[in-house]
Amino acid sequence: MEYTVKSGSPEKQRIGCVVAAVFASRKLSPSAKILDEISGGVISNLVRRGEIEGEIGQSLLLHDLENTLCDRVLLIGCGKEKKISTKKFRQINQNMVKRLESSGATEIASYLTEIAVKRRCITWKISQSIEAIDECLYQFNQLKSEQKPPRRPLRKFIFSVSGRGQLADGEIAVRNAMAVSTGISLSKDLSNLPGNICTPTYLAKQAMTLQEQYPGVKTSVLDEAEMEELGMGALLAVSRGSREPGKLITVEYMGGDKDQAPIVLVGKGVTFDSGGISLKPGATMDEMKYDMCGAASVLGTIAACAELQTPMNIVAIVPSVENMPGGIAIKPGDIVTSMSGKTIEILNTDAEGRLILCDALTYAAKYEPDVVIDVATLTGACVVALGAHAAGLMGNHNPLINELLHAGQSSGDRCWQLPLWEDYQEQLESNFADIANIGGKGAGTVTAACFLAHFTKRYHWAHLDIAGVAWISGKQKGATGRPVGLLMQYILDRLKVIEPAS
Ligand code: BES
Ligand code: MN
Ligand code: ZN
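In this text, all values refer to a predicted model and were calculated from it rather than measured experimentally.

**Q** Please clarify how the domain arrangement of the protein chain should be interpreted in this entry.
**A** Interface size, as often reported, equals the accessible area lost upon joining of the parts. You can read the domains of the protein chain as domain 1 (2-142 + 153-161) and domain 2 (182-495). With both sides pooled, the region where domain 1 packs onto domain 2 buries about 730 Å², and carbon together with sulfur makes up 46% of that total. Here domain 1 and domain 2 share zero salt bridges between them. Viewed at the interface, domain 2 and domain 1 are joined by five residue pairs in polar contact (both at pLDDT 80 or more). A per-element tally of the side of domain 1 that touches domain 2 places helix 4 (residues 122-137) first, with four residues. Residues belonging to the side of domain 1 that touches domain 2 are distributed by class as follows: three nonpolar, two polar and four charged.

Quick look at the structure:
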């Protein structure tokens, strides 16, 4: 999709469709008012007749409005003018796209940017519009035998800004949002692929293509023999049960100064989680192909940074394995030695994410990172605690936690902190090894993070449990691309390229 910004009056746009807001009840936005006046009151007449009340979900498509240069005018219901939340703003944009898709218009000028959203500036509105539009148009059809492209696909959106003074900011917003969108869509594609295609080897290959695609990106992949040499006994223990060889994938994007400490992102890359010998129940087990969404999101974030040529150093580390109950798979009770030297009693082979992450987190120290953020579909308990709205957030450095909370708030890709108190640590005690890999009943999301905390003492660290937010279950099943939006906001906030939105 092509996106641009422009300032100018709606009746002067020579384009397929102009989109303007109508509020409840029957209140025209400034641009709708201009179109109404110039056309001799056509819109206000229609509104008076009850064709559109301005409720969310309503729309009205008009053709060849007099004294305008556009082919169509689309009026979009936006609800009460004073009560437009960030969530509603996205929804309004998606309603617009759904109506436009069957309209025949291919080039659009949107004046929905004039809607006032509480505490949000024009750059926020443009970024969110782009992300909402791309989300609406995303499809995953590569594995269907018949491809049906839309008859007349949407090609271009022009966002209206209120004056020339806003053009520069608007253009920065477009550039940033398009890069974030690229990252989200890469992340969704990788995540939606099934486990028989998206194996650790496949993920490694895709990471390699990032290096070919973008200057400044360097990918390296360690195989099992090389991980053995590093002593990654916990990661390799999980990988044993599968015929697919495990990989440790590292993608470095060094856009900043040589001596600038990097932000290291570690993404859980379990390409299928059967549970191993502690086998999962059959219902919805297919969704465990999504157990590599953490990996997909850190790769998507790197792609977005490379796309933007962000002047920062970012490293993605992806430990990738398949968790299967093979003949030499680990068994409950097995004790393994992690790269850190700590021994781990594996009481449940389904708590595999923390086993691969702990070695990746130990490995991460070699980058002398500024901060490390790991992203993982780690616990079912997090879905119980927070549902699909917020990722679980924990860590050992309050400023980092606060920055992530803030980035979540402004991007809309939110997270929520859970207490990582040492009181929970005793749940991980083992009779036979240094620690156990499960913490028993209660606070499953916290004890998983407590486990990781043993391996992150040498740097500032935050953990995002994305089990509830990374994909949607049910009929509309599909990856969300989260938390690419959150991570990119965090990175851009640190750069201060876009002004903080709240
Ligand atoms: N990948 C799962 C977590 C998961 C489950 C994410 C359901 C999304 C939906 C993880 O590897 C796992 O199996 N965790 C166990 C941990 C338990 C054995 C302590 C869980 O949550 O049940
Ligand atoms: Mn598991
Ligand atoms: Zn898992």
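Back to the write-up after that little detour.
**Q** How should the site of ligand 1 be read in this particular structure?
**A** Lining the immediate environment of ligand 1, one finds 16 residues, of which Lys280, Asp291, Asp350, Glu352 and Gly380 sit closest. Contacts to ligand 1 include Lys268, whose side-chain N or O atom sits 3.2 Å from an oxygen atom. Side-chain polar atom of Glu352 to an oxygen atom of ligand 1: 2.8 Å apart, as the coordinates give it. In isolation ligand 1 offers 520 Å² of accessible surface; the protein chains occlude 77% of this area. Judged by the proximity of its atoms to the pocket grid, ligand 1 belongs to the second largest pocket. A per-class count over the shell around ligand 1 returns five nonpolar, four polar and seven charged.

**Q** Any chance you could explain the coordination of the zinc ion (ligand 3) here in plain terms?
**A** Under ideal tetrahedral coordination, the four donors around a metal are separated by 109.5 degrees; under ideal octahedral coordination, the six donors are separated by 90 or 180 degrees. Those donors, Lys268 (NZ), Asp273 (OD), Asp291 (OD) and Glu352 (OE), are the protein atoms that reach the zinc ion (ligand 3), and they lie 2.0 to 2.4 Å from it. Classification of the site at the zinc ion (ligand 3) rests on its six donor atoms, whose angles at the metal span 78 to 176 degrees, yielding the label octahedral. Each donor residue of the zinc ion (ligand 3) belongs to the same chain, with the gaps between them written as K-x4-D-x17-D-x60-E. In this model, the zinc ion (ligand 3) sits 3.2 Å from the manganese ion (ligand 2), the two metals being bridged by Asp273. Taken together, the residues Asp291 in the loop between strand 11 (269-273) and helix 9 (293-308) and Glu352 in the loop between strand 14 (343-345) and helix 10 (353-364) connect sequence positions 61 residues apart. Glu352 matches Asp291 in its accessibility class, with the two residues each being buried.

**Q** Help me understand the side chain of Asn192 in this model?
**A** Locating Asn192 in the fold gives a position in helix 5 (residues 167-192). Side chain to side chain, Asn192 and Tyr138 meet in a polar contact 3.3 Å long. In this structure the side chain of Asn192 is engaged in a polar contact, spanning 2.9 Å, whose partner is the side chain of Tyr290. Dropping the residues within four chain positions of it, Asn192 is found in contact with Tyr138, Phe140, Lys289, Tyr290, Gly478 and Ala479.

**Q** Explain the coordination of the manganese ion (ligand 2) here, please?
**A** Looking at the metal site, the manganese ion (ligand 2) is ligated by Asp273 (OD), Asp350 (O), Asp350 (OD) and Glu352 (OE), spaced 2.0 to 2.2 Å from it. Relative to the metal, the six donor atoms surrounding the manganese ion (ligand 2) lie at angles of 72 to 168 degrees, and the coordination shape comes out irregular. A relative accessible area of 3% means that Asp273 is categorised as buried.

**Q** Help me understand a negative patch on the surface in this model?
**A** On the surface, a cluster of negative charge is contributed by Asp223, Glu226, Glu228 and Glu229. Residue classification places Glu228 among the exposed residues on the basis of a relative accessible area of 57%.

Thresholds, definitions, all that
- Residues numbered from 1 in each chain as written.
- Chains lettered and ligands numbered in written order.
- Predicted model: local features only at pLDDT ≥ 70, side-chain atom pairs only at ≥ 80, totals over all residues.
- Heavy atoms only, no water.
- Domains from an automatic or database assignment.
- Buried area = accessible area lost by both parts, 1.4 Å probe.
- Salt bridge = Lys/Arg side-chain N within 4 Å of Asp/Glu carboxyl O.
- Polar contact = N/O pair within 3.5 Å; in protein donor to acceptor, adjacent residues only side chain to side chain.
- Helix = DSSP H or I, 4+ residues; strand = E, 2+ residues; numbered from the N terminus.
- Nonpolar A, V, L, I, M, F, W, Y, C, P; charged D, E, K, R; others polar.
- Near = heavy atom within 4 Å.
- Areas by Shrake-Rupley, 256 points an atom, 1.4 Å probe, with all protein chains shown as cover.
- 1 Å grid on protein atoms, 1.4 Å probe; cavity = no way out; pocket = protein on both sides within 12 Å on 5 of 7 lines; lining within 4 Å.
- Sits in = over half its atoms within 2 Å of the grid points.
- Donors = N, O, S within 2.8 Å, 3.2 Å for Na, K, Ca; no water.
- Tetrahedral: all angles 85-135°; square planar, octahedral: opposite > 155°, others 65-115°.
- Buried < 20%, exposed > 50% of the residue type's maximum accessible area, 1.4 Å probe, protein only.
- Contact = heavy atoms within 4.5 Å.
- Patch = residues over 30% accessible without salt bridge, like charges linked within 9 Å, V, L, I, M, F, W, Y side chains within 5 Å.
- Lys, Arg positive; Asp, Glu negative; His and termini not counted.
- Charge placed at Lys NZ, Arg CZ, Asp CG, Glu CD.

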